[in-house]
Amino acid sequence: MQFDILHRDNGTAARAGVIVTDHGVIESPFFMPVGTAGAVKALHIKDLSDVVKAQIMLSNTYHLYLRPGADIISRAGGLHKFNGWTKPILTDSGGYQIYSLGDIRKFTDNGVVFQSHIDGSKHVFTPEKAMDVQRELGADIIMAFDECTPYPCDEAYARKSMKRTHHWLKRCVTRFEETACPHGYSQALFPIVQGSVYPELRVESARFISGIGAEGNAIGGLSVGEPAGMMYEMTGLVCGILPDLKPRYLMGVGTPANILESIALGIDMFDCVMPTRNGRNGMLFTRNGIINIKNEKWKDDFSPLEAEGEVFPDLQYSKAFLRHMFISKEILGPMIATTHNLGFYIWLMKEARKEITLGTFAGWKERMVKQLMQRL
RNA sequence: GGGGGGAUACCAGAGCGGUCAAAUGGGGCAGACUGUAAAUCUGUUGGCACAGCCUUCGAAGGUUCGAAUCCUCCUCCCCCCA
């Protein structure tokens, strides 16, 4: 994997660059639609690629390991062959799932014992296992096995957990170096900074992660319920320490405003379920603000979803029609909303990139943040 | 013509003397959702001057301290036999 910074903004830490992988080029900053089980819910890969114009998708080790199983995907020739997505893929390691699994998991010295959310069966995940499975899945970028701390989290636990993540990282790196992708192309391993909302821990973790010399670095454990200001503070702090010339990935973020603010702090990569999940639940992100399409006030609004929009559904469907689809529980409702939201997110990233290139990102961002988060 | 069953809030449907402004489901309305156990979950759904009061359980009378629940009568619906 190769990363080059092509432009830097005037007045913020934002940068525009390019990542080259064996499955193609990605222009940064970028947003990765989440396709947990190997597919972005409610979307064909053709729409993901040609309509939404996603450059890369994210998938999940935990889910694919449980079902259909890494062996099946490996026998298919890797995840790209299995799901038909020929562009880059990033897989998350399963650390976040173990966090969100709550009380059906427990930590051991070796790794994590957890129960499947599907059938309750017991499984053990270790750093080595996370690497082995991700090698078989064959994503272009794979993530270290970490522990995502909840919010709030006391400092003693956050420190202990961070140390564990660091320790696990070393094991991940060792295993990663001992193995190769069985499908014949290269993979990059990204380590993850933790440390909850404690500046000293974040600094310590960012330094440790930087020392690994990875091809890219991620920030985890944020956007788990802490105030946005705290998230920006931690992100800015960590960005100041992580290598400048490597891509920075802020995991799980976020709202359009969160993303623009984080780009300004030096983040290049994002993923979030918000455009897809909230879309399926009737929330539309638009250039003018947020719409809850199920609200009665849209019932006779025949204006297009987004008059200035460039994505297929924007002009094709009216608000009244989409509301009708949702109220009638038609499958097309979630499909339209997902397509629109992802198209919007990716359009927003493209615009951000353009502004960075022009060196005018800061002012544009201020205007957009206010506008995008309004409730319509 | 004879016999039987039933009418409950927007709909369906429990309740069968007090703890009932009335279970439950649907529908309606609103909210939540940030590395997806999510096409999910939560709240609300008679009125108001709202820790209380007022008007509701087909209509009208009645019994009772007290009725959606018991009695009388009226109206309408359904089933069976002829």
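One can find the structure itself at the top, above this paragraph.
Given the structure is predicted, the values throughout are model-derived calculations rather than measurements.

Visitor: Looking at this structure, I do not really get the pattern of salt bridges. What am I missing?
Guide: Side-chain pairs of opposite charge can arise whenever the charged atoms involved come near each other. Within the structure shown, the criterion is met by 16 salt bridges. Close ionic contact of D244 with R15 constitutes a salt bridge, the shortest N to O distance being 3.1 Å. Of the two residues, D244 is situated in the loop between helix 9 (228–239) and strand 14 (248–250) and R15 in strand 2 (residues 15–21); the sequence distance between them amounts to 229 residues. Three or more residues joined by partner-sharing salt bridges are found here, namely R8, R15, D244, R248 and D268.

Visitor: Can you help me understand the sheet that holds strand 2 in this one?
Guide: Whether parallel or antiparallel, the strands of a sheet pair through hydrogen bonds between backbone atoms. Reading across from one edge, 1-2-3 is the order of the 3 strands in this open sheet, with antiparallel pairing throughout. Whereas interior strands pair on both sides, the edge strands pair on one side only; in this sheet they are strand 1 (2–8) and strand 3 (24–28). On average, each strand axis in the sheet is tilted by 15 degrees relative to the strand beside it, whichever way the strands run. Two elements, strand 1 and strand 2, share 6 bridges in a ladder whose sense is antiparallel. Counted as the bridge partner of R8 is R15 from strand 2. Packed onto the sheet, helix 14 (residues 332–358) meets strand 1, strand 2 and strand 3 and runs at close to 120 degrees relative to strand 2.

Visitor: I'm lost on the protein's contact with RNA strand B in this one. Help?
Guide: By nearness alone, 44 residues border RNA strand B, and Y96, C148, M251, G252 and V273 come closest of all. Each atom of RNA strand B within 4 Å of the protein was classed as base or backbone; sugar and phosphate made up 46%. Within the contact set of RNA strand B, a phosphate oxygen lies 3.1 Å away from a side-chain nitrogen or oxygen of N60. Those elements that provide at least two residues to the surface near RNA strand B are strand 5 (57–60), helix 5 (95–100), strand 15 (269–272), helix 11 (274–280) and helix 13 (319–327). Considering every element that reaches the surface near RNA strand B, the biggest residue donor is helix 11, with 5 residues.

Visitor: I tried to follow the sheet that holds strand 5 on my own but got confused; where do I start?
Guide: Read across the open sheet, the 4 strands follow the order 5-6-10-11; overall the sheet is parallel. Each edge of the open sheet carries a strand with a single partner, namely strand 5 and strand 11 (188–190). The average undirected angle you get between the axes of adjacent strands in this sheet is 25 degrees. Sheet topology note: the strand 5/strand 6 (residues 89–92) ladder contains 4 bridges and is parallel. Bridging from a neighbouring strand, M57 pairs with I89 of strand 6. Along the sheet, helix 6 (residues 127–137) makes contact with strand 6, strand 10 (141–143) and strand 11, crossing strand 10 at roughly 160 degrees.

Visitor: When you look at helix 10 (residues 256–264) in this model, what are you seeing that I'm missing?
Guide: An α-helical turn contains 3.6 residues, so a residue and the one three or four places further along point in the same direction. For helix 10, the tally of buried residues reaches 9 of 9 residues, placing the bulk of the element in the interior. Inspection of helix 10 places P256, A257, N258, I259, L260, E261, S262, I263 and A264 among the buried residues, and these make up the whole buried set. Looking one or two residues beyond helix 10, the residue adopting positive phi is G266, at roughly 110 degrees.

Visitor: For this particular structure, what's the right way to read unusual backbone geometry?
Guide: Among all residues save glycine, negative phi is the norm, and among peptide bonds the norm is trans. With omega at 10 degrees, the peptide bond leading from R67 into P68 counts as cis. Mapped onto the elements, P68 comes out in the loop between helix 2 (61–66) and helix 3 (70–76). Of note, the amide linkage connecting V253 to G254 takes the cis form, showing an omega dihedral of -5 degrees. As for its placement among the helices and strands, G254 is situated in the loop between strand 14 and helix 10. Positive phi, close to 65 degrees, is recorded for K53, a residue that is not glycine. Examined against the element boundaries, K53 turns out to sit in the loop between helix 1 (45–51) and strand 5. In this structure, S196 takes a positive phi of about 50 degrees despite not being glycine. One can find S196 in the loop between strand 12 (192–193) and helix 8 (199–210).

Visitor: Help me out: how do you make sense of the pairing of strand 17 (residues 289–292) in this one?
Guide: Looking along a regular strand, one sees side chains alternate from face to face of the sheet. Relative to strand 17, strand 16 (residues 283–286) runs antiparallel, the two sharing 4 bridges. Bridging across to strand 17, F285 finds its partner in I290. The antiparallel pairing of strand 16 with strand 17 creates a hairpin that spans 2 residues between the two strands.

Conventions and cut-offs
Residues numbered from 1 in each chain as written. Chains lettered and ligands numbered in written order. Predicted model: local features only at pLDDT ≥ 70, side-chain atom pairs only at ≥ 80, totals over all residues. Heavy atoms only, no water. Salt bridge = Lys/Arg side-chain N within 4 Å of Asp/Glu carboxyl O. Helix = DSSP H or I, 4+ residues; strand = E, 2+ residues; numbered from the N terminus. Pairing = 2+ DSSP bridges. Axes fitted to C-alpha atoms, helices over the stretch in contact; angles between N-to-C directions. Contact = heavy atoms within 4.5 Å. Near = heavy atom within 4 Å. Polar contact = N/O pair within 3.5 Å; in protein donor to acceptor, adjacent residues only side chain to side chain. Buried < 20%, exposed > 50% of the residue type's maximum accessible area, 1.4 Å probe, protein only.

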